[in-house]
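Breakdown of the fold
Residues per chain, in single letters:
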4 protein chains.
Amino acid sequence: MPHHITAMLNAHPGGTGSEDKEKLAACIAACFECAQICTACADSCLAEETVADLARCISTDLDCADVCAATGAVLTRQTGDSSSIVRSLLEACRTACAACAAECEKHAQMHEHCRICAEVCRRCEDLCTALLESLS
Amino acid sequence: MPHHITAMLNAHPGGTGSEDKEKLAACIAACFECAQICTACADSCLAEETVADLARCISTDLDCADVCAATGAVLTRQTGDSSSIVRSLLEACRTACAACAAECEKHAQMHEHCRICAEVCRRCEDLCTALLESLS
Amino acid sequence: MPHHITAMLNAHPGGTGSEDKEKLAACIAACFECAQICTACADSCLAEETVADLARCISTDLDCADVCAATGAVLTRQTGDSSSIVRSLLEACRTACAACAAECEKHAQMHEHCRICAEVCRRCEDLCTALLESLS
Amino acid sequence: MPHHITAMLNAHPGGTGSEDKEKLAACIAACFECAQICTACADSCLAEETVADLARCISTDLDCADVCAATGAVLTRQTGDSSSIVRSLLEACRTACAACAAECEKHAQMHEHCRICAEVCRRCEDLCTALLESLS
């Protein structure tokens, strides 16, 4: 997926700075991946016998999936100047990823889906942070 | 729509504070409405002869629609404790609404769809701000 | 919400047939409402003590919310000719609404949120069907 | 991305048939990728000087992005029995991908972003078709 994301950024008529482009492509890929994995983790939690203990985890997974999907789409757009939106949404996205990772880490030893989800969320959180820092 | 939103908040087994509930329902309704109106404004701009002058407006409309849709869904969820996500996402949502309103206001005299969209965005911005203040 | 949806359809530079416009506005409003209500029902089910018995209901709620949100956005766009997409997506949307209504109806006597959700899904299903018939 | 998708399907407590699992993972990955690429193509078209000639392409890109995102999320869920929803949504998704590919192919020689987008849409269309056939 990052391969095509970079190819699309290169094909954009507006252009972007080349150093940023790598961080940007990595962050976009992480957001879309995290949206998918959080959706999957919520659904796996739902199928566990202990689902009642996982209600908070499911809810945080769904929140994180929604925020990551929106962030991935907004970061994809290069036309116009959306820097204030991008910045505040990256803050929200790393907050959501950190909250979801913290919740999934509690169940990571019990449930492989929570272990993978926590890992993917931490990675997305890091890439949002790195992109935010490169913007300021 | 707010009628059903309130009925669903009342039917939630977890419950929420009653004063917050009105502000919450109003903000959720505004987010879903703003997502729809921004999608419509982007599409109307796209059909204008002067579309080349409206590229930034279309892009901001699409960003705002994505952020509002995510915010509406996250606010709808009452299970678990997502207060940090809610707060940072409300900040991002009012930023997106303010940016979209400012852009649409530039074309409000020329295009009725931008006038309506600016109005709906300002309202959503205000309701996000009001909800944020009631949370702190 | 339907008031603003109709105003935006009227403000669209491309125009649409007036009889269709009412059915279209009603269906768009129903799709956005159904997306919100299904998200709320999934979250309320998740907070019930009997959540383990409601796993299928939650999953269908989430599917229905996703399909309705996509359908509401696609129906909102009037530019270009998306009639084949619109038709097949309306079919998917009424299928999802019918499945979600059938599932929620099983719990409607026990849970007010399922009762409301079933009602909103049936209404959305009917409006999708009516719009589909007006298109052929 | 397909690596993590497969790992999550394997970690799901409900389980799925192993042959289907590969087709399913490939289709989910294609849906999320197609949602991202179509969003990028719409944004690149918007930044072209000839944007007025690309209005239909932008609109179809946005429709396809919405349908692919919903389809990717619904396919990700394995809990409950959503076979009727899955089937009708896969039909809508391959219709949207085919329409978007056909539109982008018209501009593929002029715009690299349309060439890539057409290719990704055709791939997603094929994987939806393959998954549909494996379901019947």
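Residues numbered from 1 in each chain as written. Chains lettered and ligands numbered in written order. Predicted model: local features only at pLDDT ≥ 70, side-chain atom pairs only at ≥ 80, totals over all residues. Heavy atoms only, no water.

1. Comments concerning the overall build of chain A
The helix and strand tally for chain A stands at five helices and zero strands. Listing the helices and strands of chain A from first to last along the sequence gives α-α-α-α-α. For chain A, the spread of C-alpha atoms along the principal axes amounts to about 50 × 25 × 20 Å. Of all 136 residues assigned to chain A, the portion counted as buried reaches 62%. A distance of 6 Å separates the average location of the 10 positive side-chain charges in chain A from that of its 20 negative side-chain charges. (Helix = DSSP H or I, 4+ residues; strand = E, 2+ residues; numbered from the N terminus. Buried < 20%, exposed > 50% of the residue type's maximum accessible area, 1.4 Å probe, protein only. Lys, Arg positive; Asp, Glu negative; His and termini not counted. Charge placed at Lys NZ, Arg CZ, Asp CG, Glu CD.)

2. Overview of the relation of the copies chain D and chain B
The transformation that overlays chain D on chain B combines an axial shift of 0.0 Å with a rotation of 180°, and the residual RMSD is 0.0 Å. Both copies are brought into coincidence by an operation consistent with a two-fold rotation axis. Taken as a fraction of all interface residues of chain D, those also at the interface in chain B reach 100%, which identifies the copy contact as same-surface. (Least-squares fit on C-alpha atoms with pLDDT ≥ 70 in both. Contact = heavy atoms within 4.5 Å.)

3. Examining the interface of chain A and chain D
Buried accessible area, meaning the area lost when the parts come together, often serves as the stated size of an interface. Contact residues are listed per partner, giving 32 residues for chain A and 32 residues for chain D. Between chain A and chain D, the buried area comes to about 2900 Å², and carbon and sulfur atoms account for 71% of it. Where chain A meets chain D, there are zero salt bridges. Scanning the region where chain A abuts chain D turns up ten residue pairs in polar contact (both at pLDDT 80 or more). Listing elements by their share of the side of chain A that touches chain D, those giving two or more residues are α1 (2–11), α2 (18–46), α3 (55–76) and α5 (112–135) of chain A. Broken down by class, the residue content of the side of chain A that touches chain D amounts to 17 nonpolar, nine polar and six charged. (Buried area = accessible area lost by both parts, 1.4 Å probe. Salt bridge = Lys/Arg side-chain N within 4 Å of Asp/Glu carboxyl O. Polar contact = N/O pair within 3.5 Å; in protein donor to acceptor, adjacent residues only side chain to side chain. Nonpolar A, V, L, I, M, F, W, Y, C, P; charged D, E, K, R; others polar.)

4. Looking at the relation of the copies chain A and chain D
Of the two same-sequence chains, chain A is brought onto chain D (RMSD 0.0 Å, axial shift 0.0 Å) by a rotation of 180°. Comparing interface residues between copies, 100% of those in chain A also lie at the interface in chain D; the contact surface is shared.

5. Brief notes about the side chain of T71 of chain C
Residue and element names in this part refer to chain C. Note that T71 resides in helix α3 (residues 55–76). A polar atom in the side chain of T71 sits 2.7 Å from the backbone oxygen of V67. Beyond its immediate chain neighbours, meaning those up to four positions away, T71 contacts C31, L89, L90 and C93.

6. Thoughts on the packing of α3 of chain A against helix α3 (residues 55–76) of chain B
It is at 9 Å that the axes of α3 of chain A and α3 of chain B come closest, and there the two elements cross at 175°. Accordingly, the angle class assigned to the pair α3 of chain A and α3 of chain B is roughly antiparallel. Every residue of α3 of chain B that contacts α3 of chain A at D63, D66, V67, A70, A73 and V74 of chain A is listed here: D63, D66, V67, A70, A73 and V74 of chain B. (Axes fitted to C-alpha atoms, helices over the stretch in contact; angles between N-to-C directions. Parallel < 35°, antiparallel > 145°, perpendicular 65-115°, else oblique.)

7. Thoughts on the packing of helix α3 (residues 55–76) of chain D against helix α4 (residues 83–105) of chain D
Residues and elements named next belong to chain D. Packing of α3 against α4 leaves a shortest axis separation of 9 Å and a crossing angle of 150°. By the angle between their axes, α3 is roughly antiparallel relative to α4. Considering only the axes of α3 and α4, their crossing is left-handed. Across from R56, C57, T60, D61, C64, V67, C68, A70, T71, V74 and L75 in α3, the residues of α4 making contact are I85, V86, L89, L90, A92, C93, A96, C97, A99, C100, E103 and C104. (Left-handed = near helix turned anticlockwise from the far one by under 90°.)

8. Some words on the interface of chain D and chain B
Taken together, the contact between chain D and chain B spans eight residues of the former and eight residues of the latter. With both chains or domains summed, chain D and chain B bury close to 620 Å², and 82% of this area falls on carbon and sulfur atoms. Among the residues of chain D in contact with chain B, L46, V51 and L62 of chain D are the three that bury the most area, contributing 59% of the side total. Taken together, the links from chain D to chain B amount to zero salt bridges. Here chain D is connected to chain B by zero residue pairs in polar contact (both at pLDDT 80 or more). Examining the composition of the side of chain D that touches chain B, we find that four residues originate from one element, α3 of chain D, more than from any other. Here the side of chain D that touches chain B is composed, by residue class, of six nonpolar, one polar and one charged.

9. Looking at the environment of A101 of chain C
Residue and element names in this part refer to chain C. Among the secondary structure elements, A101 is positioned in helix α4 (residues 83–105). Through-space distance from the C-alpha of A101 to that of V120 is 8.1 Å; in sequence the pair is 19 residues apart. Residues contacting A101, with those up to four places away along its chain left out, are A118, C121 and R122.

10. Description of the environment of C124 of chain A
Residues and elements named next belong to chain A. Note on placement: C124 falls in helix α5. On the basis of relative accessible area, C124 is assigned to the buried category, the value being 0%. Linking C124 and C68, residues 56 residues apart in sequence, is a C-alpha distance of 8.7 Å. Leave out the neighbours within four places in its chain, and C124 touches A30, C31, C34, C68 and C97.

11. Remarks on the confidence of the model for chain A
Residue and element names in this part refer to chain A. Across chain A, pLDDT averages 94, with 96% of residues at or above 70. Ranking the helices and strands of chain A by mean pLDDT puts α3 first, with 98, and α1 last, with 90. Taken together, the chains of this predicted complex give a pTM of 0.97 and an interface ipTM of 0.95. (pLDDT = per-residue confidence, 0-100.)

12. Here's the deal with the pattern of salt bridges
One pass over the full model with this rule turns up 32 salt bridges over all chains. Residue D66 of chain C pairs with R77 of chain D through a salt bridge whose shortest N-O separation is 2.8 Å. Here R77 of chain D lies in the loop between α3 and α4 and D66 of chain C lies in helix α3, a pairing that spans two chains. For R77 of chain D, a relative accessible area of 7% corresponds to the buried category. In this structure, E112 of chain C engages R115 of chain C in a salt bridge whose closest nitrogen and oxygen atoms are separated by 2.9 Å. One end of the pair, E112 of chain C, and the other, R115 of chain C, are both in helix α5 (residues 112–135), three residues apart, so they sit about a helical turn from each other. Looking at R115 of chain C, the relative accessible area reads 35%, which means it is partly exposed.

13. Thoughts on α3 of chain B
In this model α3 of chain B runs 32 Å from its N-terminal to its C-terminal C-alpha over 22 residues, within 8% of the 32 Å that 1.5 Å per residue would give. The element α3 of chain B is largely enclosed, with a buried count of 19 among its 22 residues. (Expected span 1.5 Å × (residues − 1).)

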